[in-house]
Amino acid sequence: MTKIEKIVLSYSGGLDTSIILKWLQETYGCEVVTFTADLGQGEELEAVRAKAEMSGVKDIRIVDLRQEFVRDFVFPMLRANALYEGQYLLGSSIARPLIAKHLVGIAQEVGAHAVAHGATGKGNDQLRFELAVNALDPSIKVIAPWRQWNIRSRMQLLEYAEKHRIPVPSDKRGEAPFSIDANLLHTSTEGKSLENPAEVAPDHVYQRTVDPVDAPDTPEIATIGFERGDPVSVNGKAMTPAALLTELNGLGGRHGVGRLDLVENRFIGMKSRGIYETPGGTILLTAHRGIESITLDRAAAHLKDEIMPRYAELIYNGFWFAPEREMLQALIDQSQAFVSGEVTLRLYKGSASVISRTSPCSLYSADLVTFEESAIAYDHHDAEGFIRLNGLRLRSWAARNRR
Ligand code: ARG
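Bear in mind the structure is a predicted one, so any value in this text is a computation, not a measurement. (Residues numbered from 1 in each chain as written. Predicted model: local features only at pLDDT ≥ 70, side-chain atom pairs only at ≥ 80, totals over all residues. Heavy atoms only, no water.)

Draft legend 1. Here's a closer look at unusual backbone geometry. One non-glycine residue with positive phi stands out, namely L90, at about 65°. Within the secondary structure, L90 is located in the loop between helix 3 (66–79) and helix 4 (95–110). Positive phi outside glycine occurs at N235, with the angle close to 50°. Turning to its location among the elements, N235 is positioned in the loop between strand 9 (230–234) and strand 10 (237–238). (Helix = DSSP H or I, 4+ residues; strand = E, 2+ residues; numbered from the N terminus.)

Draft legend 2. Spatial organisation of the nonpolar core. Counting residues in hydrophobic clusters, the biggest one holds 77 residues, and the most contacted among them are V8, F69, V74, L90, I94 and Y311. Per-element tally for this core: the top contributor is helix 4, with nine residues. Sequence-distant contacts of L90, defined by excluding residues within four places in its chain, comprise M77, A82, Y84, A312, I315 and Y316. Y11, W23, C30 and A161 belong to the second largest nonpolar core, which has 30 residues in total. (Core = buried A, V, L, I, M, F, W, Y, C linked by side-chain atoms within 4.5 Å. Buried < 20%, exposed > 50% of the residue type's maximum accessible area, 1.4 Å probe, protein only. Contact = heavy atoms within 4.5 Å.)

Draft legend 3. Geometry of the sheet that holds strand 3 (residues 60–64). Reading across from one edge, 3-2-1-4-5 is the order of the five strands in this open sheet, with parallel pairing throughout. If you trace the sheet from one side to the other, it starts and ends with strand 3 and strand 5 (141–143), each paired once. Pairwise comparison of adjacent strand axes, ignoring direction, gives a mean angle of 25° for this sheet. With three bridges connecting them, strand 4 (residues 114–116) and strand 5 associate as parallel partners. Bridge pairing links V115 to V142 in strand 5. Across the sheet, helix 4 touches strand 1 (6–10), strand 2 (31–38), strand 3 and strand 4, and the angle it forms with strand 1 is around 155°. (Pairing = 2+ DSSP bridges. Axes fitted to C-alpha atoms, helices over the stretch in contact; angles between N-to-C directions.)

Draft legend 4. View of the packing of helix 3 against helix 9 (residues 279–295). Running from N to C, helix 3 and helix 9 cross one another at 45°; their axes reach a closest spacing of 10 Å. The angle between helix 3 and helix 9 places the two elements in the oblique class. Here the hand of the crossing between helix 3 and helix 9 comes out right-handed. Taken together, the residues of helix 9 that come into contact with helix 3 (itself represented by F75, L78 and R79) are G281, L284, L285, H288 and E292. The class makeup of the residues in the contact of helix 3 with helix 9 is four nonpolar, two polar and two charged. (Parallel < 35°, antiparallel > 145°, perpendicular 65-115°, else oblique. Left-handed = near helix turned anticlockwise from the far one by under 90°. Nonpolar A, V, L, I, M, F, W, Y, C, P; charged D, E, K, R; others polar.)

Draft legend 5. Structural view of helix 5 (residues 125–136). Taking 1.5 Å as the rise per residue, helix 5 with 12 residues should run 16 Å; its terminal C-alpha atoms sit 17 Å apart, in good agreement. Where helix 5 is concerned, the buried positions are Q126, R128, F129, E130, A132 and V133. Buried residues along helix 5 sit in contact with helix 4, strand 4, strand 5, helix 6 (145–148) and helix 10 (298–317). (Expected span 1.5 Å × (residues − 1).)

Draft legend 6. The arrangement of the site of the ligand in detail. With respect to spatial proximity, 14 residues lie near the ligand, and among them Y88, N124, S179, E190 and E264 are the closest. Within the side chain of R128, an N or O atom sits 2.9 Å from an oxygen atom of the ligand. Within the contact set of the ligand, a nitrogen atom lies 3.0 Å away from a side-chain nitrogen or oxygen of Y276. Isolated, the ligand exposes 350 Å² of accessible area, and the fraction of that covered by the protein chains is 93%. When residues of the shell around the ligand are traced back to their parent elements, those giving at least two are helix 5, strand 6 (179–182) and strand 7 (187–190). For the shell around the ligand, the element with the highest residue contribution is strand 6, accounting for three residues. Partitioned by chemical class, the residues of the shell around the ligand number four nonpolar, five polar and five charged. (Near = heavy atom within 4 Å. Polar contact = N/O pair within 3.5 Å; in protein donor to acceptor, adjacent residues only side chain to side chain. Areas by Shrake-Rupley, 256 points an atom, 1.4 Å probe, with all protein chains shown as cover.)

Structure representation (structure tokens):
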């Protein structure tokens, strides 16, 4: 085995990754470079720098990836209307390949042959990190301390921290806290009482949405502009991808939009229960379907819907950087050429509903569909023949069944 001389660690500054940092320095006796991505998780990132410095890290990377996250990961995914198992907007899943991409980039830049992450051995995130690293640079080794060290309990983790003088915040001293993952797209909470799916989630797990019951009694109207499948404005104001999602998170959060209490199937093989809050993402999914409803041809829309579960599963399972995801993405992106226009939604007590849509590229024809007399040539007799031929096999089938 070649000796590892430098490791780039995905570092949040939290207790777990602080312990991992120490453990890597001790176990490998080498320099550890820390990388912290600002994905809009809303944490104080200068405090992260101070913590890394205290642990003797020389090369500390804190990078604002909010724009790249939303523009190159969240929006392409939303073009597909991606939902895992019909409900999950993939807020954690889509962040991992981006973090992995930058881990690899920094490793290449500083000549590190290994990267490390703090994902546990039971979750999906380890797969997402590692499959992405494999795809981006097969020469880089991945170190997953949670699978390697012999810390097996929270008690042992706290003991390790104590022994190495890693400060343990008072709220982390008692029982294990919730496992929380937050970024501009969502907050996900797992663990503790949530591990019992029969138990109702306590109110305090919700961080960025109000309880719909407490949301304003007056609805709020918001108009979202789309260009080629991507949202570009809110209420007529053009915004960058990150600013737009931030704005919609605020709007949705105030109206209790985007809460989800879900039992999902992890790739690794077990079921898990989590609470998700995706206010802006939920608004965007609804709005995007709204603009597609008038701009996409029927067969194109249905084909997208057929491949969507497959595409979502690829992202969930960690295959963002994989040829089949890129192939599906090309199909999805091509479908979006005319997905432009505006959608107006009403936000009210937990719901986001489309109330109107317009597009310069609309396929909708009031003239064609109208119940009134229409100028457009539409021969009602064509419908008769159409039904007669479609019914042909049904008539044969029914006649046979009667015999
Ligand atoms: N179960 C979700 C997923 O696999 C979230 C995982 C990370 N969340 C967390 N609270 N640790 O995408």
